[in-house]
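Chain residues, written in single-letter form:
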Amino acid sequence: MCVVGSGGREHALAHVLARTAQVVVTPGNPGIPNSVDTDPEQIEADLFVIGPEVPLVDGLADRLRAAGNLVFGPGADGARLEGSKAWMKELLVAAGVPTAQHESFTEIDAALAFLDRMTPPFVIKTDGLAAGKGVVVTESLAEARNAVEEYLSGQAFGDAGRRLVIEEGLTGPELSVLAICDGTRAVLLAPAQDFKRIHDGDVGPNTGGMGAYSPVPLVTDELLKQVMVEFIEPTLAELTARGIDYRGVLYAGLMLTPQGLKMIEYNVRFGDPECQVVVPRLSSDLAELLAQAAAGNLQTEPEFIEDAVVTVVCAAEGYPSAPRTGDVIHGLSLAESVPGVTVFCAGVSQNSQGEFVTAGGRVLDVTAVGSTLEQARERAYEAVAKISWPGMQYRSDIASDL
Ligand code: AMP
Ligand code: GLY
């Protein structure tokens, strides 16, 4: 079995898949066992699991399938849900899925005129992929106008911003629900909550995610049923009506607004770091589940342990704008000696002395299982306290005050 990607999400997937399968990860990183830096199209495997959105949008799943492989991950047609926000919004409207009012634009004058008629908060998004940084949510009309000009001119995000979406601002708690799809059917995974801002108390710039926990006390079975019936099923039906055979993760980013549950956006992959807290809680076989979905033949519902999992992301100095790399990471094995703790390696490489060094913004995901969220959180932070490098940043409020 081959996992494609190199981050904490792929480490977690490989770790859990390895309970029942032989796994290689490409390109992986020196902190992920069985990493091989080989073009996935040159690897032989009984199943490919593609982690990140960029290769999915680029059609890696299509190329691997065309060569006769079993692949978990949508083709380029389905991956457009994440690759083009304007297309995703059009599909949601066609499917009757509740979402924020929106318009998409390629011309500055039309976009600014529309913005002037909106009320705050203003929400501006690049149409294309921008590594999680293409969304501005602001109360300031001046800032919103500025974003429109920088996006559409190509200054801010190149071609990804030359089309943009302006949306009605929604309010309320957010939740991530991940569905495993086989083209026609879907099953839901246990919900997770992530923490997007860099600093404690949800302040500072948006990041890829600074920590996560599962289960989420806020999410009831009834709410999950609603997500399935009102969001996932109509989306899959609309994809099918358009001739798209979607085999992979549909990751629903939802907001519980005063007007009810609304879709913020779909991603076409496991969330990072949500994956790190969801898949370790599986008591059923992940390899079997993903193989069934990839074969268009989902038969089993995933099952989860009652125990809770918390992950705390340790990030490099300067993250998210300009992370510093090359710092030697201390205390990794000490951290893993804390009961229930596994450290997933994200931005990690090795120096010439063979020491692990920082090699990206998010470096480590310190992940702990416990019988309660509180115990999992305490264990994760006990382990984080054993890890250090110059400028290491982490949030100290992951899964607290629940
Ligand atoms: P994304 O990076 O696309 O997940 O978006 C980043 C964040 O922007 C989301 O997690 C929300 O907190 C926020 N956001 C996106 N769309 C809206 C909206 N229509 N109203 C309010 N906040 C939003
Ligand atoms: N943690 C958010 C994401 O994976 O997009």
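What comes next concerns the included structure. (Residues numbered from 1 in each chain as written. Chains lettered and ligands numbered in written order. Predicted model: local features only at pLDDT ≥ 70, side-chain atom pairs only at ≥ 80, totals over all residues. Heavy atoms only, no water.)

**Points about the overall build of the protein**
A tally of helices and strands in the protein yields 12 helices and 21 strands. By the compact-globule yardstick of 21 Å for 402 residues, the protein fits well, its C-alpha radius of gyration being 20 Å. Across the 402 residues in the protein, those meeting the buried criterion constitute 55%. Long-range pairs, those at least 24 residues apart, make up 66% of the contacts in the protein between residues at least 6 apart in sequence. (Helix = DSSP H or I, 4+ residues; strand = E, 2+ residues; numbered from the N terminus. Rg over C-alpha atoms; globule rule 2.2 N^0.38 Å. Buried < 20%, exposed > 50% of the residue type's maximum accessible area, 1.4 Å probe, protein only. Contact = heavy atoms within 4.5 Å.)

**Things to note about the packing of aromatic side chains**
This model, assessed by the stated rule, comprises 5 aromatic pairs. Ring geometry for Phe72 and Phe270: centres 6.2 Å apart, planes at 40 degrees, overall tilted. In this pair, Phe72 is assigned in strand β4 (residues 71-72) and Phe270 in the loop between β16 (260-267) and α9 (274-278), connecting sequence segments 198 residues apart. According to the relative accessible area criterion, Phe270 is buried, its value standing at 3%. Taking 5.3 Å as the distance between ring centres and 85 degrees as the angle between the ring planes, the aromatic pair formed by Tyr151 and Phe157 counts as edge-to-face. For Phe157, a relative accessible area of 25% translates into the label partly exposed. (Phe/Tyr/Trp six-rings, centres within 6.5 Å; stacked < 30°, edge-to-face > 60°.)

**Considering the site of ligand 1**
In the vicinity of ligand 1, 16 residues are found, and the nearest of them are Lys125, Glu167, Leu170, Glu174 and Glu265. Measuring from a nitrogen atom of ligand 1, one finds a backbone N or O atom of Leu170 at 2.8 Å. Here ligand 1, which alone exposes 480 Å², has 89% of that area covered by the protein. Broken down by secondary-structure element, the contributors of at least two residues to the shell around ligand 1 are β6 (122-126), β7 (135-138), β8 (164-168) and β16. When grouped by side-chain class, the residues that make up the shell around ligand 1 number 7 nonpolar, 2 polar and 7 charged. (Near = heavy atom within 4 Å. Polar contact = N/O pair within 3.5 Å; in protein donor to acceptor, adjacent residues only side chain to side chain. Areas by Shrake-Rupley, 256 points an atom, 1.4 Å probe, with all protein chains shown as cover. Nonpolar A, V, L, I, M, F, W, Y, C, P; charged D, E, K, R; others polar.)

**What about the pairing of strand β15 (residues 247-257)?**
The element β15 is largely enclosed, with a buried count of 10 among its 11 residues. As judged from the 9 bridges shared by strand β9 (residues 174-182) and β15, these two strands associate in the antiparallel manner. In the strand pairing of β15, Ala179 is matched with Leu250. Pairing between β15 and β16: 7 bridges, direction antiparallel. Along β16, the bridge assignment pairs Met255 with Lys262. If you look at the hairpin formed by β15 and β16, you'll find 2 residues sitting between the two strands. (Pairing = 2+ DSSP bridges.)

**Some points on the pattern of salt bridges**
Evaluated as defined, the whole model comprises 18 salt bridges. For Glu10, the salt bridge identified is with Arg9, shortest N-O distance 2.8 Å. For the pair shown, Glu10 and Arg9 are each scored as buried. The salt bridge involving Glu265 is made with Lys85; its shortest N-O contact spans 3.5 Å. Taken together, the residues Glu265 in strand β16 and Lys85 in helix α5 (residues 85-95) connect sequence positions 180 residues apart. With respect to burial, Glu265 and Lys85 carry one shared label: buried. One salt-bridge network, in which partners are shared between bridges, spans Glu53, Glu82 and Arg269. (Salt bridge = Lys/Arg side-chain N within 4 Å of Asp/Glu carboxyl O.)

**What about the site of ligand 2?**
As a structural note, the neighbourhood of ligand 2 is formed by Asp194, Gly208, Tyr251, Asn267, Arg269, Gly271, Asp272, Pro273 and Glu274. Within the contact set of ligand 2, a nitrogen atom lies 2.7 Å away from a side-chain nitrogen or oxygen of Asp194. Glu274 is positioned such that a nitrogen or oxygen atom in its side chain is 2.9 Å from a nitrogen atom of ligand 2. Alone, ligand 2 offers 200 Å² of accessible surface; in the complex the protein occludes 89% of this.

**Quick notes on the nonpolar core**
Residues Leu81, Ile232, Leu250, Leu254, Tyr266, Val310 and Leu364 are the most contacted members of the largest nonpolar core, which totals 73 residues. Here this core gets 8 residues from one element, more than from any other, and that element is helix α8 (residues 221-241). Dropping the residues within four chain positions of it, Tyr266 is found in contact with Leu81, Glu82, Met88, Leu92, Phe231, Ile232, Thr235, Leu250, Tyr251 and Ala252. Core analysis: the next-biggest nonpolar cluster, separate from the first, contains 36 residues, Val249, Leu282, Leu290 and Leu298 among them. (Core = buried A, V, L, I, M, F, W, Y, C linked by side-chain atoms within 4.5 Å.)

**So, the packing of helix α6 (residues 108-117) against helix α7 (residues 141-152)**
Relative orientation of the contacting elements α6 and α7 amounts to 160 degrees, with a least axis distance of 10 Å. The orientation of α6 with respect to α7, classified from their angle, is roughly antiparallel. The chirality of how α6 crosses α7 is right-handed. Two secondary-structure elements touch here, α6 through Ile108, Ala111, Leu112, Leu115 and Asp116 and α7 through Leu141, Ala144, Arg145, Val148, Glu149 and Leu152. For the contact of α6 with α7, the residue count by class is 8 nonpolar, no polar and 3 charged. (Axes fitted to C-alpha atoms, helices over the stretch in contact; angles between N-to-C directions. Parallel < 35°, antiparallel > 145°, perpendicular 65-115°, else oblique. Left-handed = near helix turned anticlockwise from the far one by under 90°.)

**Notes on the sheet that holds strand β2 (residues 24-27)**
What links the strands of a sheet is backbone hydrogen bonding, and the strands pair in either a parallel or an antiparallel sense. Strand order in the open sheet formed by 4 strands is β2-β1-β3-β4, with parallel pairing between adjacent strands. Strands at the two margins of the open sheet, each flanked by one partner only, are β2 and β4. Where strand β1 (residues 2-5) and β2 come together, 4 bridges link them in parallel fashion. Bridge pairing in β2 links Gly5 to Pro27. In this fold helix α1 (residues 8-17) packs onto β1, β2 and β3 (48-50), with an angle of close to 170 degrees to the strand it touches most, β1.

By themselves, these figures tell us nothing about what the structure is for.
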